[in-house]
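Topology and contacts: notes
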Amino acid sequence: MTTPPTVSLIGGGPGAWDLITVRGMNRLNEADVILADHLGPTTELHKLCDLSTKQLIDVSKLPYGKQVAQEKINDLLVEHALAGKKVVRLKGGDPYVFGRGFEELTHLAQHGIACEVIPGVTSAISVPAMAGVPITQRGIVHSFTVISGHVPPGHPLSLNNWEALAKTGGTLAVIMGVKNARAIAQTLIDAGCSRKTPAIVVQEGSTESQRSFRCDLGSLADVIEHENVAPPAVYIIGDVAGL
């Protein structure tokens with residue numbers, strides 16, 4: 001009996017190769033074809049599996065740089081799975097946290113291909129932790145919100161209610177928000193957040209290139225610009241950032 005085609009959709013974690021899950025590492029070792037983003041453990045895949053036995057396909061979407069169309073990625077997944085290959089789709093962080101993972105799963109399902117989802121450690125929580133900041137802390141904050149800063153407040157494609165976010169009383173974790181940090185910070189301040197709200201920005205968290213800068217909401221954008229912070233980076237806004 002022929003084995004039905006299956007794709008493993010893996011979250012690779014925040015960057016360090018050894019922060020992928022054991023299940024994710026096992027699937028990489030079993031794979032014939034790996035379609036990999038630029039985030040997560042991509043640059044250190046040789047520590048996770050023998051690449052000489054695998055076809056590695058770079059499908060990166062670099063911020064304001066190289067872009068592999070999502071439609072092309074979808075087609076490659078189907079092509080290799082229907083060819084009988086063991087296919088892994090390796091994404092940074094968690095595949096369902098602003099990762100288009102569900103779009104890929106849906107496309108595969110439309111072609112009769114099963115998709116195994118293997119969660120990953122999202123940078124929104126793990127990166128601040130590695131910089132010494134807990135996303136929550138007893139007696140200080142009872143909630144946190146993970147926010148995409150890919151488009152600025154007021155943009156026609158923005159789905160965020162920034163005025164409501166300013167009033168949650170919880171920690172705000174912003175990913176993909178480097179370019180729009182000034183607009184985001186000012187919108188939160190205009191909606192009632194204090195300029196003195198503690199903040200921290202962490203670039204390339206969990207890797208040897210990790211850098212972090214503590215500041216406050218009012219100076220967040222200036223710090224990002226002065227320190228030449230570039231993606232990937234996460235910034236945390238809230239009292240926990242001052243611990």
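Nothing here was measured: the structure is a model prediction, and the numbers come from that model.

Counted by the stated rule, this structure contains 0 disulfides. Between C49, a cysteine without a disulfide, and C115, which holds the nearest cysteine sulfur, the sulfur-to-sulfur distance is 18 Å. Its relative accessible area of 6% is what places C49 among the buried residues.

With that out of the way, let us pick up the sheet that holds strand β1 (residues 6–11). An order of β3-β2-β4-β1-β5 is seen for the 5 strands of this open sheet, with the pairing classed as parallel. What marks the edges here is a single partner per strand, and that holds for β3 (55–58) and β5 (114–118). Averaged over all pairs of adjacent strands, the angle between their axes in this sheet comes to 20°, without regard to strand direction. Looking at chain direction, strand β2 (residues 33–36) and strand β4 (residues 87–91) are connected through 4 bridges and run parallel. Each bridged residue has a counterpart across the sheet, and for I34 the counterpart in β4 is V88. Across the sheet, helix α1 (residues 22–30) is in contact with β1, β2, β4 and β5; its angle to β5 comes to roughly 135°. With respect to the sheet, helix α2 (residues 70–82) is in contact with β1, β2, β3 and β4, its orientation differing from that of β4 by roughly 155°.

The next point concerns the packing of aromatic side chains. What the rule picks out here adds up to 1 aromatic pair. Between Y96 and F102, the ring centres sit 6.1 Å apart and the planes meet at 80°, which makes this aromatic pair edge-to-face. For Y96, a relative accessible area of 40% translates into the label partly exposed. Under the relative-accessibility criterion, F102 is labelled exposed at 51%.

According to the domain assignment, the protein chain contains domain 1 (7–118) and domain 2 (123–242). On a C-alpha basis, the centres of domain 1 and domain 2 stand 28 Å from each other. With 9 residues of domain 1 at the interface, the matching set in domain 2 holds 15 residues. Summed over both sides, the interface of domain 1 with domain 2 buries roughly 850 Å², with 75% coming from carbon and sulfur. Where domain 1 touches domain 2, the interface holds 0 salt bridges. Counting every contact that joins domain 1 to domain 2 gives 2 residue pairs in polar contact (both at pLDDT 80 or more). Residue composition of the side of domain 1 that touches domain 2, by class: 8 nonpolar, 1 polar and no charged.

Turning next to unusual backbone geometry. Most of the time, phi is negative for any residue but glycine, and the peptide bond is trans. A cis amide bond, omega 0°, links P231 with the succeeding residue P232. Counting through the fold element by element, P232 comes out in the loop between α7 (220–226) and β10 (233–237). Phi at M176 takes a positive value of approximately 55°, unusual for a residue other than glycine. Note on placement: M176 falls in the loop between β7 (171–175) and α6 (181–190). The partly exposed category is assigned to M176, whose relative accessible area is 40%. With phi around 55°, N228 is a residue other than glycine that occupies positive phi space. On the secondary structure map, N228 appears in the loop between α7 and β10.

This part takes up the pattern of salt bridges. Inspection of the entire model under this criterion finds 8 salt bridges. Put simply, E104 and K91 hold a salt bridge, and the shortest N to O gap is 3.2 Å. On the criterion of sequence distance, the pair formed by E104 in helix α3 (residues 101–110) and K91 in strand β4 is long-range, its members being 13 residues apart. When its relative accessible area of 1% is taken as the criterion, E104 is described as buried. For R182, the salt bridge identified is with D222, shortest N-O distance 2.8 Å. Note that R182 is positioned in helix α6 and D222 in helix α7, a separation of 40 residues in sequence. Its relative accessible area of 41% is what places R182 among the partly exposed residues. Here D222 falls in the partly exposed class, since its relative accessible area comes to 42%. One network of salt bridges, in which partners are shared, links D37, R89, K91 and E104.

Rules behind the numbers
- Residues numbered from 1 in each chain as written.
- Predicted model: local features only at pLDDT ≥ 70, side-chain atom pairs only at ≥ 80, totals over all residues.
- Heavy atoms only, no water.
- Disulfide = S-S within 2.5 Å.
- Buried < 20%, exposed > 50% of the residue type's maximum accessible area, 1.4 Å probe, protein only.
- Pairing = 2+ DSSP bridges.
- Helix = DSSP H or I, 4+ residues; strand = E, 2+ residues; numbered from the N terminus.
- Axes fitted to C-alpha atoms, helices over the stretch in contact; angles between N-to-C directions.
- Contact = heavy atoms within 4.5 Å.
- Phe/Tyr/Trp six-rings, centres within 6.5 Å; stacked < 30°, edge-to-face > 60°.
- Domains from an automatic or database assignment.
- Buried area = accessible area lost by both parts, 1.4 Å probe.
- Salt bridge = Lys/Arg side-chain N within 4 Å of Asp/Glu carboxyl O.
- Polar contact = N/O pair within 3.5 Å; in protein donor to acceptor, adjacent residues only side chain to side chain.
- Nonpolar A, V, L, I, M, F, W, Y, C, P; charged D, E, K, R; others polar.

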